[in-house]
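# Structural description and commentary
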Amino acid sequence: MKKRVGILTSGGDCPGLNAAIRGAAKALYEMFGDEVEIVGILNGYTGLINGDYKEMNKSDFYGILPLGGTILGTSRQPFKTIQVVGADGVDKVANMIKTYNNLRLDCLLTLGGNGTHKTANLLSQKGLNVIGLPKTIDNDIFGTDRTFGFHTAVDIASEVLDRLHTTATSHSRVIVVECMGNKVGWLSLFSGIAGGADVILLPELPFSYEKVAKAVLKRKADGRNFAIVLVAEGALSKEEETLKRKTRVKRRGGTNVTPHVTQYIAEHTGIETRSMIPGHYLRGGTPSAYDRVLATEFGAYAAKLIKEEKYGLTVALKNDKVTCNRLEDIAGKAKPVPKDYDLIQYAKSIGISFCEG
Ligand code: F6P
């Protein structure tokens, strides 16, 4: 009997999405041969809402293993408005179910991050056969040790830090770098260590401005002529810890904390200080070999779940083994870096300062 499998990628793109799509497709063709039909839903849940899709052929999956981004396109459909009928009168959830049924899908693979998983869970509760695959450079999906995209972003961010080292040393400067990662500090922690940052500011460890300046001055006193300060985009000071996001943004005069850290360092150390924000650069380009392997494994595992007709699940990596979680058990849960995480302790033991307030 024919199996019709829908695939969509939703939320921010990341390296490894195409490798995962290819992994799932290749495993499905191996298992079902001509009995499988794959439907690419275009631009994430937006495509499912609007009925934008493409019947895929085997050849659509050729040559995409090293390709960054997503061949299916993506978009953000915030979960908080997904169940709200907008001014356009579109019932997004009803439309998604309609498209699924119109396309006669047997199941839907949703590749995405936290928001994607919340909607995947909702669709699963509405009776659709859904399987999630965890992707994001943030590594913040509950119940999986790793998400694909993270490893590549760590590589890119580390390279950014390597390159900034030469300017920082040559000019005897402090360089403050802001790293993506949304509300968590996984990407900053790993790339800060890999790229030799001297100070790392994480959302999980609210910082003291005074301690940041002190750490920079201590480095100078130790005879080093430069410092690299890595700020996670979600980092916040001790004073900001209890503030609502809106109040914090108002006080900062914007969302970013980096300009404030930069200015404080310059004013309180007297050292020439610059800042840079690599932003989406960290999400671009070809996936690392590790991410290609992880994404392929996740894709192949999802195909296995389809063969076994096991749905309402999302693929996960636990203790180096690919497994799965129930969507309802992970959707909407956060995965911050634990405050007592071993890597933070090791980083401290080599002199990296987190400047907790
Ligand atoms: O979730 C991935 C991510 O790159 C976050 O690190 C970042 O906060 C966010 O997406 C940026 O979103 P956008 O691409 O919509 O600007």
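Residues numbered from 1 in each chain as written. Predicted model: local features only at pLDDT ≥ 70, side-chain atom pairs only at ≥ 80, totals over all residues. Heavy atoms only, no water.

### Observations regarding the domain arrangement of the protein chain
By domain assignment, the protein chain separates into domain 1 (3-148 + 287-318) and domain 2 (153-283 + 338-349). Taking only C-alpha atoms, the centre of domain 1 and the centre of domain 2 are 34 Å apart. The partner domain 2 presents 12 residues to the 11 residues of domain 1 that form the contact. With both chains or domains summed, domain 1 and domain 2 bury close to 880 Å², and 52% of this area falls on carbon and sulfur atoms. Of all residues in domain 1, D13, I137 and D138 bury the most surface against domain 2, accounting for 52% of the area lost on that side. For R283, the salt bridge goes to D13, with nearest N and O atoms at 3.0 Å. Its residues assigned to classes, the side of domain 1 that touches domain 2 shows 3 nonpolar, 3 polar and 5 charged. (Domains from an automatic or database assignment. Contact = heavy atoms within 4.5 Å. Buried area = accessible area lost by both parts, 1.4 Å probe. Salt bridge = Lys/Arg side-chain N within 4 Å of Asp/Glu carboxyl O. Nonpolar A, V, L, I, M, F, W, Y, C, P; charged D, E, K, R; others polar.)

### Topic: the packing of aromatic side chains
Taken as a whole, this structure holds 6 aromatic pairs when the rule is applied. Judged by centre distance (5.2 Å) and plane angle (80°), the ring pair of F150 and F190 falls under edge-to-face. Taken together, the positions of F150 in helix α6 (residues 150-171) and F190 in helix α7 (residues 186-194) put the pair 40 residues apart, joining distant regions of the chain. Each member of the pair, F150 as well as F190, is classed as buried. Between Y209 and Y264, the aromatic rings sit 5.2 Å apart at their centres with planes inclined by 45°, giving tilted as the arrangement. Within this pair, whereas Y209 is found in helix α8 (residues 209-221), its partner Y264 is found in helix α10 (residues 258-269), the two being separated by 55 residues in sequence. Owing to a relative accessible area of 18%, Y264 belongs among the buried residues under this scheme. Members of the aromatic cluster, each reached through a chain of ring pairs, are F207, Y209 and Y264. Lying across the ring of Y29, K58 places its NZ or CZ 5.5 Å from the centre. The ring of F226 carries the charged tip of R219 above its face, separated from the ring centre by 4.7 Å. (Phe/Tyr/Trp six-rings, centres within 6.5 Å; stacked < 30°, edge-to-face > 60°. Helix = DSSP H or I, 4+ residues; strand = E, 2+ residues; numbered from the N terminus. Buried < 20%, exposed > 50% of the residue type's maximum accessible area, 1.4 Å probe, protein only. Lys NZ or Arg CZ within 6 Å of the ring centre and 35° of its normal.)

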